[in-house]
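As a plain string of letters, each chain reads:
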Amino acid sequence: MKHPLSTTIAVLAFATIAAAPAFAATRYGKGVSEATPVKLSELMAKPDDYVGKVVKVEGLITEVCPKRGCWINVAGDKEFQTIKVKVEDGVIVFPLTDKGKKVVAEGTFKKMELTKEQAIARAEHEAEEKGTKCDASKITGPQTVYQIMGVGAVVE
Amino acid sequence: MNWRRLNNVLHRDLGYLAAGLTLVYAISGVALNHREDWNPSWKLQVETRTFAPVPVSDRDTMTAALVERLALPGPPKSSFRSAPHLVELFYERWSVKADATAGTATIEKPRGRFALREMNFLHLNEPKGLWTWAADVYAVILGFLAISGLFVLKGKNGLSGRGKWLAGLGVVLPILALFFLLWRPGDSGPRGEGEGRGGGRHRGDVRPEAGTAR
């Protein structure tokens, strides 16, 4: 009969190997529901209709938070449009290599009214994260910004 | 075998078993503690290039021109424009961001930090599934090691001697830390996550953070 310790080691080794990442789609957080995705162009055309609601979007990851992987920008069906999907730090961590991959993400659509100072602070923070310079002079007044507070995503 | 002998044997053998993963969690823990200052799993290799400007047209035409002028290895997997002249090309695990009219481009290649990427992968339970159970078993073993360690020795170096003071200090210190971090005079209850003096939330969370609707 095998020593119990050897059995434990074998089980742990098996669990480690079995838990190795699959090369198929990667599920983050709670994943996504079966709900029909909303087109990003529709979301941005009538954003106030969706504020506070859970929305599911699909598109291309154009940017990943370079420091903590705690947000992604998703481009949808129309050019020049992206939406930020912000996730809870540490709960979901998007790797930088997810950039350029297809994603389906789900979360609550949020609207934020920023004063000019808040908008500048936000731009400065983003620039710091990206390691770029912030041109605060481009922000001339208050901003309304939208984002999805993501709880789950599936990246292909 | 009396209980202390059994305790010591289990403490020794489980200690050997847990040593490797404890190091993984310890090293990764330090790396993750400083996420405000760096990306503990990835580093970005950035290369800047210049090219003869490409006139603004449709995305496919501009993409083809950029591939040629930047001598890129074939068409990208996908592409995107954030503005008519700003084109991004995505390849497998790397990307190009080009300002077509300025004739400048940056090529970004994320690289996993040696060993840290893998350690953080386990520490953050990114694999989920069976690893969740493996990590739970490890946590139970750590709990056992903490308790069994109290009873390894007896006498003046055991729990009844100096051990009680050191073990007590180990309990009091985090309680003191919690008191100073979470409570302020006049509070009626504990403060929420990140609201204390040393709250560790992402700096971006204390002010509105959102993607501009473009």
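About the criteria used
Residues numbered from 1 in each chain as written. Chains lettered and ligands numbered in written order. Predicted model: local features only at pLDDT ≥ 70, side-chain atom pairs only at ≥ 80, totals over all residues. Heavy atoms only, no water. Helix = DSSP H or I, 4+ residues; strand = E, 2+ residues; numbered from the N terminus. Buried < 20%, exposed > 50% of the residue type's maximum accessible area, 1.4 Å probe, protein only. Contact = heavy atoms within 4.5 Å. Areas by Shrake-Rupley, 256 points an atom, 1.4 Å probe, with all protein chains shown as cover. pLDDT = per-residue confidence, 0-100. Pairing = 2+ DSSP bridges. Axes fitted to C-alpha atoms, helices over the stretch in contact; angles between N-to-C directions. Polar contact = N/O pair within 3.5 Å; in protein donor to acceptor, adjacent residues only side chain to side chain. Patch = residues over 30% accessible without salt bridge, like charges linked within 9 Å, V, L, I, M, F, W, Y side chains within 5 Å. Salt bridge = Lys/Arg side-chain N within 4 Å of Asp/Glu carboxyl O. Core = buried A, V, L, I, M, F, W, Y, C linked by side-chain atoms within 4.5 Å. Phe/Tyr/Trp six-rings, centres within 6.5 Å; stacked < 30°, edge-to-face > 60°. Lys NZ or Arg CZ within 6 Å of the ring centre and 35° of its normal. Expected span 1.5 Å × (residues − 1). Parallel < 35°, antiparallel > 145°, perpendicular 65-115°, else oblique. Left-handed = near helix turned anticlockwise from the far one by under 90°. Nonpolar A, V, L, I, M, F, W, Y, C, P; charged D, E, K, R; others polar.

Peer 1: What is the right way to read the overall build of chain B from this model?
Peer 2: Along the backbone of chain B there are 5 helices and 6 strands. N-terminal to C-terminal, the α/β element order of chain B is α-β-α-β-β-β-β-α-α-α-β. Taken across its 214 residues, chain B has 36% of its residues classed as buried. Considering only contacts within chain B whose residues lie at least 6 apart along the sequence, 50% involve residues at least 24 apart. Of the roughly 12700 Å² of accessible surface on chain B, 63% is carried by carbon and sulfur atoms.

Peer 1: Sorry if this is basic, but what is going on with the overall build of chain A here?
Peer 2: Looking only at helices and strands, chain A features 3 helices and 6 strands. Seen in sequence order, chain A has helices and strands lined up from the N terminus as α-β-α-β-β-β-β-α-β. Within chain A, the proportion of its 156 residues that are buried is 49%. In chain A, once contacts between residues fewer than 6 apart in sequence are set aside, the share between residues at least 24 apart is 72%. As displayed, chain A offers around 7900 Å² of accessible surface, 57% of which is attributable to carbon and sulfur atoms.

Peer 1: Explain the confidence of the model for chain A here, please?
Peer 2: Low-confidence regions, as indicated by low pLDDT, have predicted coordinates that should not be scrutinised in detail. The predicted model of chain A has a mean per-residue pLDDT of 86, with 85% of residues at 70 or higher. The secondary structure element of chain A with the lowest average pLDDT is helix H1 (residues 4-18) of chain A, at 60, and the one with the highest is strand E4 (residues 82-86) of chain A, at 96.

Peer 1: Explain the sheet that holds strand E3 (residues 86-91) of chain B to me, please; I cannot follow it from the model alone.
Peer 2: Strand-to-strand pairing in sheets goes through backbone hydrogen bonds, with the strands running parallel or antiparallel. Residues and elements named next belong to chain B. Spatially, the 5 strands line up as an open sheet ordered E1-E5-E4-E3-E2, and their pairing is antiparallel. Whereas interior strands pair on both sides, the edge strands pair on one side only; in this sheet they are strand E1 (42-50) and strand E2 (78-83). Sheet twist, expressed as the average angle between the axes of neighbouring strands with direction ignored, equals 20°. Examined bridge by bridge, E1 and strand E5 (residues 104-112) share 9 bridges and lie antiparallel to one another. Across the sheet, residue Trp42 finds its bridge partner in E5, namely Gly112. Strands in contact with helix H2 (residues 59-69) are E2, E3 and strand E4 (94-99); relative to E3, the strand with the most contacts, it is inclined by about 65°.

Peer 1: Could you clarify how one ought to interpret the side chain of Ser41(A) in this entry?
Peer 2: Residue and element names in this part refer to chain A. Tracing the chain through its elements places Ser41 in helix H2 (residues 40-45). Residue classification places Ser41 among the buried residues on the basis of a relative accessible area of 13%. Side chain to side chain, Ser41 and Asp77 meet in a polar contact 2.6 Å long. Setting aside anything within four residues of it in sequence, one finds Ser41 in contact with Asp77, Lys78 and Gln81.

Peer 1: Explain a nonpolar patch on the surface here, please?
Peer 2: Taken together, the side chains of Leu166(B), Leu169(B), Val172(B), Leu173(B), Leu176(B), Phe179(B), Phe180(B) and Trp183(B) present a nonpolar region at the surface, about 780 Å² in accessible area. Within the secondary structure layout, Trp183(B) lies in the loop between helix H5 (159-182) and strand E6 (211-212).

Peer 1: Explanation requested: the nonpolar core in the structure shown.
Peer 2: The nonpolar side chains of a soluble globular protein tend to be buried, and buried together. Counting 26 residues, the largest nonpolar core has Leu43(A), Ile72(A), Ile83(A), Phe94(A), Val103(A), Phe109(A) and Ile148(A) as its most contacted members. Going through the elements one at a time, H2, strand E2 (54-64), strand E3 (71-75), E4, strand E5 (102-114) and strand E6 (143-155) of chain A are the ones with two or more residues in this core. Ignoring anything within four residues of it in the chain, the contact list for Ile83(A) reads Leu40(A), Met44(A), Ile72(A), Asn73(A), Val74(A), Phe109(A), Tyr146(A), Gln147(A) and Ile148(A). Counting residues in each nonpolar core, the second largest holds 17 residues, with Phe51(B), Ala65(B), Val67(B) and Ala98(B) among its members.

Peer 1: Would you take a moment to explain the side chain of Lys99(A) for this structure?
Peer 2: Mapped onto the elements of the fold, Lys99(A) is located in the loop between E4 and E5. A polar side-chain atom of Lys99(A) sits 2.9 Å from a polar atom in the side chain of Glu108(B).

Peer 1: What is the right way to look at the pattern of salt bridges in this model?
Peer 2: Oppositely charged side chains can form a pair if their charged atoms are brought close together. Within this structure, the stated rule accounts for 17 salt bridges over all chains. Glu126(A) is the partner of Arg122(A) in a salt bridge, and the nearest nitrogen-oxygen pair spans 3.6 Å. In this pair, Arg122(A) and Glu126(A) are both assigned in helix H3 (residues 116-130), 4 residues apart and thus about one turn of the helix distant. For the pair shown, Arg122(A) and Glu126(A) are each scored as buried. A salt bridge links Glu92(B) to Lys77(B); the nearest nitrogen and oxygen atoms lie 3.2 Å apart. Of this pair, Glu92(B) sits in the loop between E3 and E4 while Lys77(B) sits in the loop between H2 and E2, placing them 15 residues apart in sequence. According to the relative accessible area criterion, Glu92(B) is partly exposed, its value standing at 47%.

Peer 1: Just checking my understanding: could you explain the packing of aromatic side chains for this structure?
Peer 2: We describe a pair of aromatic rings using the distance from one ring centre to the other and the angle between the two ring planes. Taken as a whole and judged by the stated rule, the model has 6 aromatic pairs over all chains. Ring geometry for Phe179(B) against Phe180(B): centres 5.5 Å apart, planes inclined by 80°, an arrangement best described as edge-to-face. The positively charged end of Lys84(A) is found above the aromatic ring belonging to Trp71(A), 4.1 Å away from the centroid. Lying over the aromatic face of Trp94(B), Lys109(B) brings its terminal NZ or CZ to 5.3 Å of the ring centre.

Peer 1: What is the right way to read helix H1 (residues 3-33) of chain B from this model?
Peer 2: Side chains three or four residues apart in an α-helix point the same way, a direct result of the helix having 3.6 residues per turn. All names here are of chain B. Compared with the 45 Å implied by 1.5 Å per residue over 31 residues, the 39 Å span of H1 between its first and last C-alpha is markedly short. The set of residues buried in H1 consists of Arg4, Asn7, Val9, Asp13, Leu14, Ala18, Val24, Tyr25, Ser28, Gly29, Ala31 and Leu32. One side-chain oxygen of the residue at the start of H1 lies 3.2 Å from the amide nitrogen of Arg4, identifying that residue as Asn2.

Peer 1: Sorry if this is basic, but what is going on with the packing of H1(B) against helix H4 (residues 130-150) of chain B here?
Peer 2: How two helices pack is summed up by the angle between their axes together with the distance between the axes. Residues and elements named next belong to chain B. Where H1 contacts H4, the axes come no closer than 9 Å and their chain directions differ by 130°. Comparing the axis directions of H1 and H4 gives the class oblique. At the point where H1 passes H4, the crossing takes the left-handed sense. Here Asn7, Leu10, His11, Leu14, Gly15, Leu17, Ala18, Leu21, Thr22 and Tyr25 of H1 lie close against H4, whose contacting residues are Trp131, Ala135, Tyr138, Ile141, Leu142, Phe144, Leu145, Ser148 and Gly149. For the contact of H1 with H4, a count of residues per class yields 13 nonpolar, 6 polar and no charged.

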